Amino acid sequence: MTRRALTDATLATMAAPTSTEPYGLIENAALVIEDGRIAWVGPADDLPQNLGDAVSESLNGRLVTPALIDCHTHIVFGGNRAREFEMRLQGASYEEIARAGGGIVSTVQATRMTYETTLLKDALTRVDALIAEGAATLEIKSGYGLDIDTELKMLHVARAIADTRPIRVVTSFLGAHAIPADYAGQPDAYIDEVCLPALDRAADLGLADAVDGFCEGIAFTPDQIARVFDRARARGLPVKLHAEQLSNLNGAALAARYRALSADHLEHLDTAGIQAMAEAGSVAVLLPGAFYTLRETRLPPVDGLREAGVPIAIATDCNPGSSPLASLLLTMNMACTLFRLTPEEALAGVTREAALALGLTDCGRIEPGLRADLAVWDIAHPAELAYRIGFNPLHARLFGGTP
Ligand code: DI6
Ligand code: FE
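Residues numbered from 1 in each chain as written. Chains lettered and ligands numbered in written order. Predicted model: local features only at pLDDT ≥ 70, side-chain atom pairs only at ≥ 80, totals over all residues. Heavy atoms only, no water.

Overview of the pairing of strand β11 (residues 262–265)
Sheet analysis places strand β10 (residues 240–243) next to β11, joined by 4 bridges and oriented parallel. When the sheet's bridge partners are listed, H242 is paired in β11 with D264. Where the polypeptide runs from β10 across helix α8 (residues 251–257) and back to β11, its parallel neighbour, the crossover connection is right-handed. Here 3 bridges tie β11 to strand β12 (residues 283–286), and the two strands are oriented parallel to one another. Within the sheet, the bridge partner assigned to D264 lies in β12 and is V285. Assessed by its sense of winding, the connection that carries the chain from β11 through helix α9 (residues 271–280) to β12 is right-handed. (Pairing = 2+ DSSP bridges. Helix = DSSP H or I, 4+ residues; strand = E, 2+ residues; numbered from the N terminus. Right-handed = clockwise from strand over helix to strand, strands pointing away.)

Description of the nonpolar core
Formed by 100 residues in total, the largest nonpolar core has its most connected members in V76, I161, F173, L266, L286, M332 and L347. A per-element tally of this core places helix α6 (residues 187–204) first, with 10 residues. The residues touching I161, leaving out its near neighbours within four places in the chain, are I75, V76, L120, A123, L124, V127, I140, I167 and V169. Judged by nonpolar contacts, the second largest core, of 16 residues, contains A29, V64, V376 and L398. (Core = buried A, V, L, I, M, F, W, Y, C linked by side-chain atoms within 4.5 Å. Buried < 20%, exposed > 50% of the residue type's maximum accessible area, 1.4 Å probe, protein only. Contact = heavy atoms within 4.5 Å.)

Points about α9
Looking only at α9, the buried set comprises G273, I274, A276, M277 and A280. End-on, the buried residues of α9 take up no more than an arc of 165°, which puts them together on one face. Away from its buried face by more than 90 degrees, α9 exposes T271, A272 and E279. Those residues of α9 that are buried are in contact with α8, β11, β12 and α11 (302–308). The positive-phi residue at the C-terminal boundary of α9 is G281, with phi of around 75°. (Arc of directions from axis to C-beta.)

Some remarks on the pattern of salt bridges
Throughout the structure, instances matching the rule amount to 26 salt bridges. For R159, the salt bridge goes to D209, with nearest N and O atoms at 3.0 Å. Of this pair, R159 sits in helix α5 (residues 148–164) while D209 is found in the loop between α6 and β9 (210–213), placing the two residues 50 residues apart along the sequence. Taking the relative accessible area as the measure of exposure, R159 reaches 23% and is therefore partly exposed. Looking at D209, the relative accessible area reads 30%, which means it is partly exposed. R168 is the partner of D362 in a salt bridge, and the nearest nitrogen-oxygen pair spans 3.0 Å. Here D362, found in the loop between α14 (352–357) and β14 (374–377), pairs with R168, found in strand β8 (residues 168–176); they are 194 residues apart in sequence, far enough to count as distant. One salt-bridge network, in which partners are shared between bridges, spans E139, K141, D212 and K240. (Salt bridge = Lys/Arg side-chain N within 4 Å of Asp/Glu carboxyl O.)

Things to note about the sheet that holds β9
What the 4 strands build is an open sheet, ordered β6-β7-β8-β9; its pairing is parallel. Among the strands making up the open sheet, the edge pair consists of β6 (68–70) and β9. Adjacent strand axes in the sheet meet at a mean angle of 20°, parallel and antiparallel pairs treated alike. Bridge count between strand β7 (residues 135–141) and β8: 5 bridges; the pairing is parallel. Looking across to β8, one finds that K141 is bridged to S172. (Axes fitted to C-alpha atoms, helices over the stretch in contact; angles between N-to-C directions.)

Observations concerning the coordination of the iron ion (ligand 2)
The coordination sphere of the iron ion (ligand 2) contains the protein donors H72 (NE2), H74 (NE2), H242 (NE2) and D317 (OD), at a distance range of 2.1 to 2.3 Å. The site at the iron ion (ligand 2) holds 4 donor atoms, and with the angles between them running 81 to 168°, its shape is irregular. Here the donor residues for the iron ion (ligand 2) map to a single chain with the spacing H-x1-H-x167-H-x74-D. Of the two residues, H74 is situated in the loop between β6 and α1 (82–89) and D317 in the loop between β13 (312–314) and α12 (328–339); the sequence distance between them amounts to 243 residues. In this structure, H74 and D317 share a single accessibility class: buried. (Donors = N, O, S within 2.8 Å, 3.2 Å for Na, K, Ca; no water. Tetrahedral: all angles 85-135°; square planar, octahedral: opposite > 155°, others 65-115°.)

What follows is the structure in structure tokens.
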């Protein structure tokens, strides 16, 4: 058995949402790690004496948080969309570009043409940026293939990331992301001939941990999404949904009917949608990077979500179009400045609530029994994480107890 004790730490345990101590903070704390798991947490004075051969290390008062979790990314893709960024700056809207054959569909073309090795190499540059800021868990979606082979290729690359770097990857099959050019005007045929068979293949091969969709005027209707969710349910896979991003199609309520892990974006979510999410226990995943990039003006209903007790997570939405963002620290800052989350909610949003959004019960908090996925920061108080812009105070990251 390997055992490590970390002493002289300030712990933001993020333990319980109802905890009276903000951030679940414990000062002058210690932590014991055994075989990759957290074995003991508490005030340093109470540290058990019988630690045997444990290696002990003083953190000199540094702050320790759960390692960060990015619960919504499209981090695997071909090419980039800098040209589209220029077009938007000349006045074209995201929807106009999408309808004119740009947008998601142009990334689909690039992703189909890019070799798996290149997709992996390019994705790793972004993954490394997340790891450098203390991330240990990452959700990755398919959805830039939109044919069976390329959807599976993307999911293979996502799995390969976890084999190449010390990070945990959770995959989502997002075949219902956009209607590809070869099925223009035939979304139902696309669902039948490509999306559902690809979902089945991904499930057969164990490549998908969940199923996602994009319910929007420029993507799929609630009825079409429901057909995809029916198949997910038949295959025993949990669902989540891009909902209420650009308009309100009652996608969140649809997702809630399927007991979705999360509904994501949600700028146009209404009261009925909030209520449905609260009853289903679905997490609201807010994506300030997309809101910022698209210069949206309608804010997600944060007060309503809080009042209804819907857990709020935040994520990068890292993708080449609407959120070319590979920083969870900047995401936290944006969530506070743009969406008025508190710094505590922002940190919970990339730890405890992000774990919930992925259906993971063994990470996202500092508690005995959970994985020792930890971030050690050169700061004194957790509010500093969301407060600064373009500043990375990470001192060390532990992944399953290993620095
Ligand atoms: N919503 C998003 O923000 C991303 N996908 C989605 O359904 C955008 C993807 C892209 O523009 O490439
Ligand atoms: Fe997204």
